[in-house]
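Chain by chain, the residues:
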Amino acid sequence: MSEKKFIMGNEAIGRAARAAGARAMFGYPITPSSEILHFWSGEAGSEQGKKDNLVFTQAEDEAAAGFMLIGSVLVGTRAFTATGGPGHVIMQDAFAMAEAMRFPIVAIVMQRGGPSTSTVVYSQSEVTLACFGGNGNGYRIVYSPASIQELYDYTIKVFNTAWKYRFPTMLLSDGYLGKMMDEVELYDPAERGIVMEPAEPYSQGQVRTRPLAAIVPSPELDARVVDGVEYACFRNCLNFEEEALAVNMETKTAFDAVAPEIIEYEEYGDKDASTLIIAHGIVSASVKQAIDNLKEKGVFARLFRPITLNPFPAEQLRTSAKNAKRIFVAESAVGQLGKLAAHALCGTVSVPIVEYSRPSIGILPKEIEALVMQPA
Amino acid sequence: MADIIHNANPAADSVASAFPKCVRVESKPHLYCPGCGHPEVLKALGLAIDDLGIQRRVVFGIDIGCSLLAWNYFNLDTVETHHGRTIPTMVGVKRSKPESVAVAYVGDGGAYAIGAGSLLNAAVRNENILVIVVNNALYAMTGGQESPTTLPGMKVATAPYGADQYFIRAPEVIRSVNSTAFVARGITTVLPALRALLKSALQHQMDGKGFAFVEVLAQCPLNWGTMGDPKATIDFLEREMTKEFPVKRY
């Protein structure tokens, strides 16, 4: 039964993972994500957690947490990790392997100030890292929620996206949302008709609805059936450039094919307003407030909010920006969302794209209002 | 070394076929250099897996370096990971599927340098996995650089005037943080004993007793500069290496 509770964002994430039927979590403490670890360690140690065979391991570092997660996913476990900031940097080691082998790892990333250790609660400066980190070409799915309710909703969703499409999937949020408290509607996904995708094993599993060869790039897999038993061998060290090309192109083809199904975005405000503001995550919530405040003064603006940062709703943004006279990008980073937006809009708009960059600091509605009110 | 020979199961000495049953014959000849120690370790491991009848249950994790050439050596569920990350990968496997048998196969660089934090903490947490470290006293695949087990005075690519006096004796370190772990050091030149050691180490995991650690002294003729001279290779392995790295159960 669904219930409303006044809880912290990080707890909402933990409860959503539980509601989604996640079984294992591997992590390393780092602010602002640590409460997710605390929640899961409590669940795993409880009587019910033991009955449900929950797994919790506090790793020696984020690289190890990421690779424990890979090992867990390898044997068919709906599993996840949580990190942020410098920990997110270290964890890219594992994300790169998951990207190469199409392992559906789930990572909750709570952004904090950057670069380096910096401040411990807030920024939007891990967008590029989340979307394009590692030494690959960015074949991972990244969602940016904008409220504590969305932390709950999208945590359930990331498990399904990861296992349905078999790409590393991230929930990219921040410590403002993670540490804030709000009323959240907690529900069992089944009540909403959400069917959880099964976590099928890559190793130690003989029954599969989809053969491994339909998922893992061909140079990375050598699966053999001997005496009726399938033995799967995975590699990521390749001998020839042609093999590396094949891995990349097979992955790109698969990603491009499913991207239209995955892409999510939101528009807000008067659809005829000539001022368009592009923002994501908690900044988009601030922009909505600003739009409402401006409306009271008879000034109209609208928001385009990418919910998936990767794959990016490029076509939808182009449509939205078509008749805009002024375009702003507001983010708590410099040129991260800005580059994604500029790339999508390149050659399709004739007005300048003005970036409002406030790296590692929050953006208030009044700042957006001032931006819109300034003479063109 | 005498201990190990004494402990070996005499029945295990008879090697009827050239390969263990769990070997993927199609992937042979193997990709290692002539005279390399790795195929000996892999053969002993394969025989131990055959002995225990656990082919279907094993998840074989292999590290980067010469270890990675074992990626399709066996008909075993196998995964090549990143350098130094095989131990945590196997921790994730075993914690999530306790009925599997998780084996991490790592070189001395992967286990004692880049993956040292993971090795030590897996031992501290008494993770129920087997870690096999092939110790040839240097980084082999990348061209013979100094590793944490390079012996004093050894001339290697990154210590051309000879390595310093410091090196790690890992089984001793593992024992100091875990009093109940299975800890041993074997050598490639006494294969029946190595097979028996690995069998006992696997059994330790299957009995749910926690961390098992086997370091194996192995030859690298290419980077030792003894290619084409088996006597010099074996002399270095059996005389020089064993002086600093005793072959025994800890």
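Residues numbered from 1 in each chain as written. Chains lettered and ligands numbered in written order. Predicted model: local features only at pLDDT ≥ 70, side-chain atom pairs only at ≥ 80, totals over all residues. Heavy atoms only, no water.

Q: When you look at the interface of chain B and chain A in this model, what are you seeing that I'm missing?
A: Frequently, the measure chosen for interface size is the accessible area that the parts lose on association. In this assembly, 35 residues from chain B lie in contact with 40 residues from chain A. Summing both sides of the interface, chain B and chain A together bury roughly 3,000 Å²; the carbon and sulfur share of this comes to 57%. Contact with chain A buries area across many residues of chain B, yet B:Trp71, B:Asp77 and B:His82 alone supply 21% of it, more than any other trio. For the pair chain B and chain A, the number of links is 4 salt bridges. One salt bridge in this structure joins B:Arg85 and A:Asp93, with 2.8 Å as the shortest N-O distance. Taken together, the connections running from chain B to chain A amount to 19 residue pairs in polar contact (both at pLDDT 80 or more). Of all elements in the fold, only strand E1 (58-62), strand E2 (77-80), helix H3 (86-96) and helix H5 (116-124) of chain B reach the threshold of two or more residues within the side of chain B that touches chain A. With 7 residues, H3(B) is the single largest residue contributor to the side of chain B that touches chain A. Per-class residue counts for the side of chain B that touches chain A are 11 nonpolar, 13 polar and 11 charged. (Contact = heavy atoms within 4.5 Å. Buried area = accessible area lost by both parts, 1.4 Å probe. Salt bridge = Lys/Arg side-chain N within 4 Å of Asp/Glu carboxyl O. Polar contact = N/O pair within 3.5 Å; in protein donor to acceptor, adjacent residues only side chain to side chain. Helix = DSSP H or I, 4+ residues; strand = E, 2+ residues; numbered from the N terminus. Nonpolar A, V, L, I, M, F, W, Y, C, P; charged D, E, K, R; others polar.)

Q: Teacher, can you tell me more about the pattern of salt bridges here?
A: Where charged atoms from two side chains of opposite charge come close, those side chains can pair. Residue and element names in this part refer to chain A. All told, the structure shown has 31 salt bridges over all chains when counted by the stated rule. Between Glu43 and Arg18 there is a salt bridge whose closest N-O contact spans 2.6 Å. Of this pair, Glu43 sits in helix H2 (residues 34-45) while Arg18 sits in helix H1 (residues 9-19), and the two are 25 residues apart along the sequence. Of the residues examined, Glu43 reaches a relative accessible area of 22% and is grouped as partly exposed. (Buried < 20%, exposed > 50% of the residue type's maximum accessible area, 1.4 Å probe, protein only.)

Q: Would you take a moment to explain the packing of H1(A) against H2(A) for this structure?
A: Residue and element names in this part refer to chain A. At a minimum axis distance of 8 Å, the contact between H1 and H2 shows a crossing angle of 40°. By the angle between their directions, the pair H1 and H2 is classed as oblique. The two elements H1 and H2 meet at a crossing, and its hand is right-handed. Contact residues: Asn10, Glu11, Ile13, Gly14, Arg15, Ala17 and Arg18 in H1; Glu35, Ile36, Phe39, Trp40 and Glu43 in H2. Taken together, the residues of the contact of H1 with H2 sort by class into 5 nonpolar, 2 polar and 5 charged. (Axes fitted to C-alpha atoms, helices over the stretch in contact; angles between N-to-C directions. Parallel < 35°, antiparallel > 145°, perpendicular 65-115°, else oblique. Left-handed = near helix turned anticlockwise from the far one by under 90°.)

Q: Would you explain the nonpolar core in this entry?
A: The tendency in soluble globular proteins is for nonpolar side chains to be buried as a group. A:Phe80, A:Phe234, A:Ile278, B:Phe211 and B:Phe213 are the most contacted members of the largest nonpolar core, which totals 136 residues. In this structure, this core is formed jointly by two domains, domain 1 (3-192) and domain 2 (265-373) of chain A, each of which donates at least three residues. A:Cys233, B:Val41, B:Cys66 and B:Cys220 belong to the second-largest nonpolar core, a separate cluster that totals 60 residues. (Core = buried A, V, L, I, M, F, W, Y, C linked by side-chain atoms within 4.5 Å. Domains from an automatic or database assignment.)

Q: How should the side chain of A:Glu220 be read in this particular structure?
A: Inspection of the secondary structure puts A:Glu220 in the loop between strand E8 (181-186) and strand E9 (221-226). A:Arg235 provides the closest opposite charge to the buried, unpaired A:Glu220, separated from it by 6.8 Å. When near neighbours in sequence (up to four residues on either side) are disregarded, A:Glu220 contacts A:Ala100, A:Met101, A:Cys233, A:Phe234, A:Arg235, A:Asn236, A:Leu238, A:Val247 and B:Trp71. (Lys, Arg positive; Asp, Glu negative; His and termini not counted.)

Q: Is there a simple way to think about the confidence of the model for chain A in this case?
A: For residues with low pLDDT, the predicted coordinates do not support detailed interpretation. Predicted confidence across chain A gives a mean pLDDT of 97, with 100% of residues reaching 70 or more. The least confident element of chain A is E9(A), whose mean pLDDT is 94; the most confident is strand E6 (residues 141-143) of chain A, at 99. (pLDDT = per-residue confidence, 0-100.)

Q: Just to check I follow, could you spell out the sheet that holds strand E13 (residues 302-306) of chain A for this structure?
A: Two modes of strand pairing occur in sheets, parallel and antiparallel, and in both the strands are linked by backbone hydrogen bonds. Residues and elements named next belong to chain A. Spatially, the 5 strands line up as an open sheet ordered E11-E13-E12-E15-E16, and their pairing is mixed. Each edge of the open sheet carries a strand with a single partner, namely strand E11 (265-269) and strand E16 (353-357). Neighbour-to-neighbour, the strand axes of the sheet open up by a mean angle of 20°, direction not taken into account. Sheet topology note: the strand E12 (residues 275-278)/strand E15 (residues 326-331) ladder contains 4 bridges and is parallel. (Pairing = 2+ DSSP bridges.)

Q: Honestly, the pairing of E1(B) in this entry has me stumped. Any pointers?
A: Side-chain direction in a regular strand flips from residue to residue, so the side chains alternate between the two faces of the sheet. Residues and elements named next belong to chain B. The element E1 is extensively covered by neighbouring structure, given that 5 of its 5 residues are classed as buried. Of the two faces of E1, both are covered, the one formed by Val58, Phe60 and Ile62 as well as the one formed by Val59 and Gly61. Pairing between E1 and strand E3 (residues 101-107): 5 bridges, direction parallel. Bridging across to E3, Gly61 finds its partner in Ala104. By the bridge criterion, 4 bridges tie E1 to E2 in an arrangement that is parallel. Counted as the bridge partner of Phe60 is Thr78 from E2.

Q: Sorry if this is basic, but what is going on with the packing of helix H4 (residues 62-74) of chain A against helix H5 (residues 85-101) of chain A here?
A: A pair of packed helices is captured by two measures, namely the crossing angle of their axes and the spacing between those axes. Residues and elements named next belong to chain A. Where H4 meets H5, the axes come as close as 7 Å, and the angle between the chain directions of the two elements is 30°. As summarised for this structure, H4 and H5 are arranged roughly parallel, according to the angle between their axes. Classified by chirality, the crossing of H5 by H4 is right-handed. Across the interface between the two elements, Glu62, Ala63, Ala65, Gly66, Phe67 and Ile70 of H4 pack against Gly87, Ile90, Met91, Asp93, Ala94, Met97 and Ala98 of H5.

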